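# Architecture at a glance
Single-letter residue listing:
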Amino acid sequence: MTIDISFEYMVALIILVSMLTQLLFGVGVLLWGTPSLILLGFEFTTALSLLLPISLGISGLQVGQNFQHINKKEIWSFIKLSLPLVVLGLIFVMTSDIEVEWFVFAALGVGGLLRLNIFKTLSDRVVNFKDFMLPLIGIVHGISNLGGALLVMWVSQTDKTKLGLRSTVAACYLLLAFFQIVTLMVYNDELTVFVSYFVFGILAYVILDQFIMGSIKDSVFDVLLTCAIFSMAFLIGLRATSVI
């Protein structure tokens, strides 16, 4: 895929904006980067090739910095119930002729709805049902790369502090990125590392981490996150229907 200069600036901006949520909650590069790159016209696997190494590197840094705050019990549950379905979902996408945009649209829409107060009782029940929630995260992430919204909801039930939440989510994303990269390499021989974006993403994280962590109130960010999820779902829906 040929990417001109204007695309390079747009991709850099997407990575920079996504980094803000990545810094606060351990999720962002994939959650915002994937639908944004699809809107720019990237193929799904190309978007993965660009974003996964960045997500792997940043999550690795976050895990290394806050390893003691990771909920090891929840990570083990995640490995058993989510990771296998992530791999199977990604293989399904790579070997099937499906419209990924619709899965992305559905993942964002459902994730946004479950964050609303009117669905709080339902979302609490769903999240606390681990044997359902973790496989769901695996399927959604494998097919759409957007399991982050559901992942944050699940981790937030046991990790109430911002640091604990960010660390546990980052550990999950480290595992997700690693297994997705291996799957791309083994089953599709399709992993092109965009070195310039990778270096830019890591440097942006190192610099912004000194200023961003703790600067935004959780309540304000929660509202902004929900609005952004619905906005992205709307745009992806328009693209899936060929309106844009």
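Quick look at the structure, then. (Residues numbered from 1 in each chain as written. Predicted model: local features only at pLDDT ≥ 70, side-chain atom pairs only at ≥ 80, totals over all residues. Heavy atoms only, no water.)

## Let's talk about the overall build of the protein
- Of the regular secondary structure elements, the protein holds 12 helices and 0 strands.
- The linear arrangement of helices and strands in the protein, starting from the amino end, is α-α-α-α-α-α-α-α-α-α-α-α.
- Within the protein, buried positions represent 53% of all 244 residues.
- For the protein, contacts bridging at least 24 residues in sequence account for 82% of all contacts bridging at least 6. (Helix = DSSP H or I, 4+ residues; strand = E, 2+ residues; numbered from the N terminus. Buried < 20%, exposed > 50% of the residue type's maximum accessible area, 1.4 Å probe, protein only. Contact = heavy atoms within 4.5 Å.)

## As for the packing of aromatic side chains
- Following the criterion strictly, the structure yields 1 aromatic pair and no others.
- Centre to centre, the rings of phenylalanine 178 and phenylalanine 179 are 5.5 Å apart; their planes meet at 90°, and the pair counts as edge-to-face.
- Residue classification places phenylalanine 178 among the partly exposed positions, given a relative accessible area of 45%.
- Given the relative accessible area of 33%, phenylalanine 179 is considered partly exposed.
- The residue whose ring lies beneath lysine 72 is phenylalanine 67, and the NZ or CZ to ring-centre distance is 4.7 Å. (Phe/Tyr/Trp six-rings, centres within 6.5 Å; stacked < 30°, edge-to-face > 60°. Lys NZ or Arg CZ within 6 Å of the ring centre and 35° of its normal.)

## Quick notes on the packing of helix H4 (residues 72-81) against helix H5 (residues 83-95)
- Look at H4 against H5: their axes get within 4 Å of each other, and the N-to-C directions meet at 40°. Residue-level inspection shows Phe78, Ile79, Lys80 and Leu81 of H4 in contact with H5, the latter providing Leu83, Pro84 and Leu85. (Axes fitted to C-alpha atoms, helices over the stretch in contact; angles between N-to-C directions.)

## Some points on helix H3 (residues 44-65)
- The terminal C-alpha atoms of H3, which comprises 22 residues, lie 31 Å apart, in line with the 32 Å expected from a rise of 1.5 Å per residue.
- Of all the bends found along H3, the most pronounced is centred on leucine 51 and spans about 30°, while proline 53, a proline, follows it within four residues.
- Summarising burial for H3: 17 of the 22 residues are buried, a large majority. (Expected span 1.5 Å × (residues − 1). Bend = angle between axes of the 7 residues up to and from the residue.)

## Quick look at a nonpolar patch on the surface
- Residues Leu61, Val195, Val199, Leu203, Val206 and Ile207 make up a contiguous nonpolar surface patch of about 500 Å² in total accessible area.
- With 5 residues, the single largest contributor to the nonpolar patch is helix H11 (residues 195-212).
- Structurally, isoleucine 207 is set in helix H11. (Patch = residues over 30% accessible without salt bridge, like charges linked within 9 Å, V, L, I, M, F, W, Y side chains within 5 Å. Areas by Shrake-Rupley, 256 points an atom, 1.4 Å probe, with all protein chains shown as cover. Salt bridge = Lys/Arg side-chain N within 4 Å of Asp/Glu carboxyl O.)

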